[in-house]
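In case you want the letters, here they are:
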Amino acid sequence: MKTKKLISVFLALILAFGGLFSLTATAAEVVYEKNCPLIYVPGFMSCEIYKNPGTEQEEVIWPPSSDAILGAVKKSIPALVTVAVTKEWDVLCDTLIPAVNEFFEPAWLNKNGEADNTGVNFTYPSKSAILSSREITFRYDWRLSPIEISAQLNDFIEYVCKTSGYEKVCLQAHSYGGIVTMSYIDRFGRDRLQGVVLDSTALFGETYTGELLTGNIALSVDAIRYFLSYVLDGTEYQSLVSAAGELLSRAGILDFVINFADEMLEGIRGEAIPQVVMPLFCRWPSIWAMCPDEYVDEAYIYSFGKACDCDPAEYAQLIEKLKAYDNTTRANMLPLLTDTEKQCRFGVFSSYGYSSVPITPSWNSNGDGVVDTKYTSFGATVAPVGKTLSEDYISTKDPKYISPDKQVDASTCLFPEKTWFVRYLKHSQDHGNFDELTEAIVYCEEEVTVDTFEKYPRFMKFDNNDKVLSENTKDDNNIFIRFFRAILDFFEVIKKLFSKVF
């Protein structure tokens, strides 16, 4: 009898807790009604650039074709081999710079930052496409000033509203698309906006862009190794290449390669920056919009003076265009953000766990491989990649704001209750896993925060193999797991080779 009573009590408890969990799950269901169009504003290099767009003679000039890439490589290899022995950097410049310019020149803007007969080919969608699509993508020439693009976005939003019959739209902006979106809000207001989601945006810049525009270039073995980990994450070769990199590093081979590359960069810097870097990147206003505030003044001095010994008057119209953004959207960014959060349904996605581009001293700035987490989150305190926040620091903070891996303190970001952090989600990764959360943020009647849905907590993790989001947990990527993954990857490569041979 006692046993039966115990079993009954146990079952009753299960049912009671089961009911509680059921109620919790029901309360956390993602329920909304889509009541206006959702427009996606993509980021930098998000669409093809054409020569003679919209005509019978149109041709893609960016991204470069495989033939163009192979052609540039073939022209450069002999000079690189010769210079590796002779160290005659002038010879390398004579060969390398024309090859690189031939490769990049089609995408150059003129000295005023304007496109000469190049651009995108964007056809507005039909009414049926607008009404039936989950998301409508706005296409634009990502080389141009965000002020110019924001006017195009305004025209597109007005078209979507008029065509669909809706008074408002929602925007999901990624990367440079966030800068375009804030420039739109700065110029045209929020009357047409119901919701705004900012996904890994560069509103406050990218550290490596600021360092490149100020000539701060450097290479290191660790930077290359971390970058390879970023590039290969989610592929069958990740652990194998990482293990090979470790061996090459211990053998001193990577150090030799990096030292040569450093020497080469120093040797060609004087000619490469004015003849290659300046015509391409420094004439793209979009690049300047992604320069962090603290680098801007020095970047103007370096890029339009020290770097190429040019007359700034040559670039007067371009500089005027760049400063127009600096004096408006850049200067107003914080109030623009805080007012948008108050007046619109609003959310922020920020990723971390990867190092930055491996050619600047700040390569170890924790981010999504492109934009620093401290910038995409609007102020979170983040440990350098591969490190954790100190225990002394963590002990003074509310634990709910500290990521399980102890890399991020969300309490210092601008909107701690509306910012979701995802570990190991690459900047270029398809962010479709956020579709449901994005729609919930902009369409739910009640305000959505990091506590609204159990399946979307403040801290999450992205599995690059299975392509799924899950709750973030402590890092279990220890040396034994890495060792066995490397073995599994090795056998996977062998299997693929055999399948191709036989």
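What counts as what
- Residues numbered from 1 in each chain as written.
- Predicted model: local features only at pLDDT ≥ 70, side-chain atom pairs only at ≥ 80, totals over all residues.
- Heavy atoms only, no water.
- Core = buried A, V, L, I, M, F, W, Y, C linked by side-chain atoms within 4.5 Å.
- Buried < 20%, exposed > 50% of the residue type's maximum accessible area, 1.4 Å probe, protein only.
- Helix = DSSP H or I, 4+ residues; strand = E, 2+ residues; numbered from the N terminus.
- Pairing = 2+ DSSP bridges.
- Right-handed = clockwise from strand over helix to strand, strands pointing away.
- Polar contact = N/O pair within 3.5 Å; in protein donor to acceptor, adjacent residues only side chain to side chain.
- 1 Å grid on protein atoms, 1.4 Å probe; cavity = no way out; pocket = protein on both sides within 12 Å on 5 of 7 lines; lining within 4 Å.
- Points joined across faces, edges and corners; volume = space filled by probe spheres on them.
- Nonpolar A, V, L, I, M, F, W, Y, C, P; charged D, E, K, R; others polar.
- Contact = heavy atoms within 4.5 Å.
- pLDDT = per-residue confidence, 0-100.

1. Comments concerning the nonpolar core
And step 1. One finds Ile39, Val41, Leu203, Phe304 and Leu337 to be the most contacted residues of the largest nonpolar core, which totals 71 residues.
And step 2. At seven residues, the largest contribution of residues to this core is made by helix α5 (residues 146-164).
And step 3. Membership of the second largest hydrophobic core comes to 22 residues, among which are Cys170, Leu425, Ile441 and Val448.

2. Structural notes on the sheet that holds strand β4 (residues 118-119)
And step 1. Taken together, the three strands give an open sheet; going across it, the order is β3-β2-β4, and neighbouring strands pair in antiparallel fashion. Each edge of the open sheet carries a strand with a single partner, namely β3 (59-62) and β4.

3. Topic: the pairing of strand β7 (residues 193-199)
And step 1. Most of β7 is tucked away, with seven of its seven residues classed as buried.
And step 2. This β-α-β element, strand β6 (residues 169-174) to helix α6 (residues 176-188) to β7, shows right-handed connectivity.
And step 3. The pairing of β7 with strand β8 (residues 345-352) spans five bridges and is classified as parallel. Residue pairing for β8: Val197 is matched across the bridge by Gly347.

4. Details of the environment of Ser133
And step 1. Within the secondary structure layout, Ser133 lies in the loop between α4 (127-132) and β5 (136-137).
And step 2. The exposure class assigned to Ser133 is partly exposed, which follows from its relative accessible area of 24%.
And step 3. Separated by 94 residues in the primary sequence, Ser133 and Ile39 place their C-alpha atoms 9.8 Å from one another.
And step 4. There is a polar contact of 2.5 Å between the side chain of Ser133 and the backbone oxygen of Ala129.

5. Looking at empty space enclosed by the protein
And step 1. On inspection of all chains with the given rule, the structure shows one cavity of 30 Å³ or more.
And step 2. When its volume is computed, the largest cavity comes out at roughly 40 Å³.
And step 3. Lining the largest cavity are Ser145, Pro146, Pro285, Trp288, Ala289, Lys321, Leu322, Tyr325 and Asp326.
And step 4. Among the secondary structure elements, those contributing two or more residues to the lining of the largest cavity are α11 (285-289) and α13 (316-330).
And step 5. Ranked by the residues each element gives to the lining of the largest cavity, the list is headed by α13, at four residues.
And step 6. Class assignment for the residues of the lining of the largest cavity results in six nonpolar, one polar and two charged.

6. Structural notes on unusual backbone geometry
And step 1. Between Trp62 and the following residue, Pro63, the backbone shows a cis peptide bond with an omega angle of 5 degrees.
And step 2. Structurally, Pro63 can be placed in the loop between β3 and α2 (66-86).
And step 3. One non-glycine residue, Met45, lies in the positive phi region at around 55 degrees.
And step 4. The backbone of Ser175 sits at a positive phi, close to 55 degrees, despite the residue not being glycine.

7. Quick look at the environment of Leu336
And step 1. On the secondary structure map, Leu336 appears in helix α14 (residues 333-343).
And step 2. Residue classification places Leu336 among the buried residues on the basis of a relative accessible area of 8%.
And step 3. In this structure the C-alpha to C-alpha distance between Leu336 and Ile185, which are 151 residues apart in sequence, comes to 7.5 Å.
And step 4. Not counting residues up to four positions away in its chain, the partners in contact with Leu336 are Met182, Ile185, Asp186, Arg190 and Thr329.

8. Overview of the confidence of the model for the protein
And step 1. For the protein, the average pLDDT comes to 82, and 74% of its residues sit at 70 or higher.
And step 2. This model gives residues 476-491 a pLDDT under 50, and the stretch forms 13 contacts once residues within four places in sequence are excluded.
And step 3. Residue range residues 496-502 is modelled with pLDDT below 50. Its contacts to residues more than four positions away, or to other chains, number two contacts.

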